[in-house]
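Coordinate inspection notes
Each chain, written out:
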Amino acid sequence: MATWYGEVQSTTRVTPVLVRVVLGGEGLRGLEVAEHTDTYINVAIPPAGAPYPARFVPAEVREQHPEEHWPARRRYTVRDWDGERLTVDFVVHGAEGVAGPWAAGAAPGDVLVFEGPAGGYRPDPDADWHLLVGDESALPAIAASLEAVPAGRPAVVRLVCDGPAHEVDLPCPGELDLVWLHRTGSPADADLLADAVAGLAFPDGRVHAFVHGEADEIRAIRRHLLADRGLTRADMSCSPYWRRTMTDEAWRRIKRDYVAAMEAEVA
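Summarised in this report is the structure supplied together with it. (Residues numbered from 1 in each chain as written. Predicted model: local features only at pLDDT ≥ 70, side-chain atom pairs only at ≥ 80, totals over all residues. Heavy atoms only, no water.)

**Details of the pattern of salt bridges**
For clarity, the cut-off: Should a side-chain nitrogen of Lys or Arg be within 4 Å of a carboxyl oxygen of Asp or Glu, the pair is scored as a salt bridge. Runs of E in the DSSP output that reach at least two residues are strands. Runs of H or I that reach at least four are helices, and both are numbered from the N terminus.
Scanning all chains against the criterion turns up 22 salt bridges. Residues Arg 85 and Asp 82 are paired through a salt bridge, measuring 2.7 Å at the closest nitrogen-oxygen approach. Two residues, Asp 216 and Arg 243, come together in a salt bridge whose shortest N-O distance is 3.4 Å. One end of the pair, Asp 216, is in helix α5 (residues 215–228); the other, Arg 243, is in the loop between β11 (236–242) and α6 (248–265), and 27 residues separate them in sequence.

Encoded structure:
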């Protein structure tokens, strides 16, 4: 897999928890990004004091250095690629995690090493309508996907966030039905998305769905869409990005088994 080196051109605080990083430079020469609106890159962020240069090959680092010096690997959705500049949005929760703090402190000239890109979803132009559901972690992909919805086609969007300051403008050439759901800090927050989807009056025709975000929320929505609404797996792109109460590393360790169990519930 090719390794790329993006130099930070600029950073913007889009919301209180979302930092947009624009990358450019010679290290992106030859990069090709497919038409998928959920295209992602695998970033590699070295630990502080890593004994190798800012431009490194992750596989070589793993071969030549002890584990404590290996870069942390994280997956992030490409918000935009114009042929020269790559835009990536990072969710930042203070000092929590690895990629978020990196993005919050990134400055022009800093280098982000990554591999990829890859992806698999784009709104089906033949679908009668589109359903997009998620949280801040899915917002970049949902934003890019809405821009690709055919003109006049219904797009039903339900997004959960921490309040009005966390909402962003989401242009869409389709007929947009967008509702932001605001967390209150109570245990009921975990049910906001699933309840919203369960309460929808679905438009007529075949839906193409994109359902990504917190693991248990996405699992409940997937179960509802397949078992109660009659969607097929081909009708839906569904993936848990993170899990409440778990660190990134803890989630990465169990994600494969979690996804297998989720998919076995309703095939």
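Read on for the rest.
**Digging into the sheet that holds strand β10 (residues 207–214)**
Filter applied, for reference: For two strands to be treated as a pair, DSSP must find no fewer than two bridges joining them. Lines fitted to C-alpha atoms define the axes, with helix axes restricted to the stretch in contact, and inter-axis angles between N-to-C directions lie between 0 and 180 degrees. We call two residues in contact whenever any of their non-hydrogen atoms come within 4.5 Å of each other.
Reading across from one edge, β9-β8-β7-β10-β11 is the order of the 5 strands in this open sheet, with parallel pairing throughout. The sheet is open, and its two edges are formed by β9 (175–182) and β11, each paired on a single side. The average angle at which neighbouring strand axes cross in this sheet is 5°, direction not considered. The pairing of strand β7 (residues 129–134) with β10 spans 5 bridges and is classified as parallel. In the strand pairing of β10, Trp 129 is matched with Val 207. Across the sheet, α5 lies against β7, β8 (154–161), β10 and β11, angled at about 155° from β10, the strand it touches most.

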